[in-house]
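Structural characterization, general
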Amino acid sequence: MTESYLSDAIPSPCYVCNEALLEQNLQLMERVQRESGAHIILALKGFSMWSTFPLIRKYLVGCTASSVWEAKLAAEEFGREVHAYAPGYKTSEMDALLPLVNHISFNSLNQWQTFKDQVLEAGVSPGLRVNPEHQEAETELYDPSAPGSRLGIRAADLQGADLEGIEGLHVHNLCECDSFALERTLKAVEEKFGDLLHKMKWLNLGGGHLMTRAGYDVDHLIKQLKRLRETYDLDVILEPGSAVAWQTGPLIAEVIDIVENDGPIAILDISATAHMPDVLEMPYRPAITGAREPGVLKHTYKLGGNSCLAGDVIGLYSFDEPLRPGSRIIFEDMMHYTMVKTTFFNGVEHPHIGILRRDDNFDLVRSFTYEDFRSRLS
């Protein structure tokens, strides 16, 4: 597989989606849907490479959108169900959104009351996002149930509320979690909102279900989803982002130069801040094919990006062979929550986007130009 990513047919820098690996993930999700009766939809906030939608829509029933633009992308390019949730909607957004979606979840009772008549008239199924006040996410930046969270309505704030017209509840507090985190979450949800679940048509369990990660207990997940459906007689919806594109392709980069300052520093043709911002935001250390922790292999380098941000540094890695200008670097697992966050900061070259097909042929599906950079400015 490494040889395929190093092919001269693949330019640098480039995000490369491996079609065969993507389909493996989708086939597992199809099994979960078939055996549990739940529905899985694609969270565009995690993966919105629409050139792969013809494959994904063979397995998943739709998409979930966090904005009008994502909903429009789902409606135009995916063409199946469209679900929506955002922390807040403006009137102009609601006018544009309702013709595009099948389900919509509101973050507050105030938003629901503001748009209730409009939503019901449009025939869109409405829901409320609730906060189970149960924490499972390891990183606070990604924890919707952290104290003081702006996401979701607490059970205490629903007491005595008029919920006439509401057909579903939306719960999302997981982040790359296992099925046992889901089981604990469901316990909290049922304790706080169980009386409401019996009155609902659907329950959306959000994302964070990393069912495609090695070692994930898929049978346990299926058991939880079946129990939930049978207990409350409702449709259960999952909307993973990471799980769909988990381990489905790298970001290919290239060494531009080697400089010295308390050790060798390799300057790459990509930028952490512009092309994989979670490296700085979470932070996390991306895996590199053939590389190890500093000092483990013969040659250790600090890897730096090509923007002018002083902190545009990916980290220290060691390699068997010395790096030189032109050496290729394969950053693994760069499909989910990476391309969707890229920017044109500094006007540095944006990575190409391509698909490695099942027959090992590479299709370049998008290259970026100065005009793309210019069009974002005024």
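Refer to the structure above for everything that follows.
Since the model is a prediction, treat every value here as computed from it, not as a measurement.

**A look at the overall build of the protein chain**
Scanning the protein chain for helices and strands turns up twelve helices and 18 strands. The C-alpha radius of gyration computed for the protein chain amounts to 22 Å, which stays within 12% of the reference 21 Å derived for 378 residues, consistent with globular compactness. Projected onto its principal axes, the C-alpha positions of the protein chain cover 65 × 50 × 45 Å. Sequence separation of at least 24 residues holds for 67% of the intrachain contacts in the protein chain that already meet a minimum separation of 6. When the accessible surface of the protein chain is totalled, it reaches about 17200 Å², and 47% of it is carbon and sulfur. Distance from the positive charge centre (34 side chains) to the negative charge centre (54 side chains) of the protein chain: 2 Å.

**Here's the deal with the packing of aromatic side chains**
Per the stated rule, a full pass over the model turns up seven aromatic pairs. Judged by centre distance (6.2 Å) and plane angle (65°), the ring pair of Y301 and F319 falls under edge-to-face. Highlighted residues: Y301 in strand β14 (residues 299-304) and F319 in strand β15 (residues 313-319), separated in sequence by 18 residues. F319 carries the same exposure label as Y301, and that label is buried. Geometrically, the ring pair formed by F344 and F368 is edge-to-face, given 6.0 Å between the ring centres and 70° between the ring planes. You can see F344 sitting in the loop between β16 (328-331) and β17 (352-356) and its partner F368 sitting in the loop between β18 (362-366) and α12 (370-375), a full 24 residues away along the chain. By the ring-pair criterion, three or more aromatic residues cluster together here, those being Y89, F106, W112 and F115.

**Regarding the layout of surface pockets**
Counted as a void, the second largest pocket has a volume near 1000 Å³. Taken together, 21 residues make up the lining of the second largest pocket; nearest its centre are S48, W50, M339, R366 and F368. When residues of the lining of the second largest pocket are traced back to their parent elements, those giving at least two are α4 (68-78) and β18. Here the element with the most residues in the lining of the second largest pocket is α4; it accounts for three residues.

**Description of helix α7 (residues 179-197)**
Taking 1.5 Å as the rise per residue, α7 with 19 residues should run 27 Å; its terminal C-alpha atoms sit only 20 Å apart, a clear shortfall. E191 marks where α7 bends most, by close to 60°. Three or more residues of α7 are buried, namely S179, A181, L182, T185, L186, A188, V189, E190, F193, G194, L196 and L197. The elements touched by buried residues of α7 are β7 (125-131), β8 (153-154), β9 (168-171), β10 (202-204) and α8 (218-232). For α7, the N-terminal capping position is held by D178, with its side-chain oxygen 3.1 Å away from the main-chain nitrogen of F180.

**Quick notes on the side chain of E23**
Structurally, E23 is set in helix α2 (residues 19-36). Classification of E23 as buried rests on a relative accessible area of 13%. Residues contacting E23, with those up to four places away along its chain left out, are L55, Y59 and R358.

**Digging into unusual backbone geometry**
Residue P13 is bonded to the preceding S12 through a cis peptide linkage, with omega at 0°. With respect to the helices and strands, the residue P13 is situated in the loop between α1 (2-5) and β1 (14-18). Residues M282 and P283 are joined by a peptide bond in cis, for which omega reads -10°. Tracing the sequence through the fold places P283 in the loop between α11 (278-281) and β14. Within the chain, Q247 stands out as a residue other than glycine whose phi angle is a positive 55°. Note that Q247 resides in the loop between α9 (242-245) and β12 (251-260).

**A closer look at the side chain of S105**
Looking at the secondary structure, you find S105 in strand β6 (residues 103-106). A relative accessible area of 3% places S105 in the buried class. At 3.5 Å, the side chain of S105 forms a polar contact with the side chain of H170. With sequence-adjacent residues up to four places away left out, S105 is seen in contact with A84, Y85, A86, Y89, G127, H170 and W202.

**Re the pattern of salt bridges**
Taken as a whole and judged by the stated rule, the model has 16 salt bridges. The shortest N-O distance in the salt bridge between E19 and R358 comes to 3.1 Å. You can see E19 sitting in helix α2 and its partner R358 sitting in the loop between β17 and β18, a full 339 residues away along the chain. A relative accessible area of 10% means that E19 is categorised as buried.

**Notes on α2**
Working note: α-helix, 3.6 residues per turn, so residues spaced by three or four point in the same direction. With 18 residues, α2 should reach 26 Å at 1.5 Å per residue; the first-to-last C-alpha distance of 26 Å fits that figure. Those residues of α2 that fall on the buried side of the exposure criterion are E19, L22, E23, N25, L26, M29, V32, Q33 and S36. Where α2 is buried, its residues contact β1, β2 (39-40), α3 (53-56), α8, α9 and β17. For α2, the capping residue at the N-terminal end is N18, with a side-chain oxygen 3.1 Å from the backbone nitrogen of A20. Positive phi appears at G37, one or two residues downstream of α2, with a value of about 85°.

Reading the values: rules and limits
Residues numbered from 1 in each chain as written. Predicted model: local features only at pLDDT ≥ 70, side-chain atom pairs only at ≥ 80, totals over all residues. Heavy atoms only, no water. Helix = DSSP H or I, 4+ residues; strand = E, 2+ residues; numbered from the N terminus. Rg over C-alpha atoms; globule rule 2.2 N^0.38 Å. Contact = heavy atoms within 4.5 Å. Areas by Shrake-Rupley, 256 points an atom, 1.4 Å probe, with all protein chains shown as cover. Lys, Arg positive; Asp, Glu negative; His and termini not counted. Charge placed at Lys NZ, Arg CZ, Asp CG, Glu CD. Phe/Tyr/Trp six-rings, centres within 6.5 Å; stacked < 30°, edge-to-face > 60°. Buried < 20%, exposed > 50% of the residue type's maximum accessible area, 1.4 Å probe, protein only. 1 Å grid on protein atoms, 1.4 Å probe; cavity = no way out; pocket = protein on both sides within 12 Å on 5 of 7 lines; lining within 4 Å. Points joined across faces, edges and corners; volume = space filled by probe spheres on them. Expected span 1.5 Å × (residues − 1). Bend = angle between axes of the 7 residues up to and from the residue. Polar contact = N/O pair within 3.5 Å; in protein donor to acceptor, adjacent residues only side chain to side chain. Salt bridge = Lys/Arg side-chain N within 4 Å of Asp/Glu carboxyl O.

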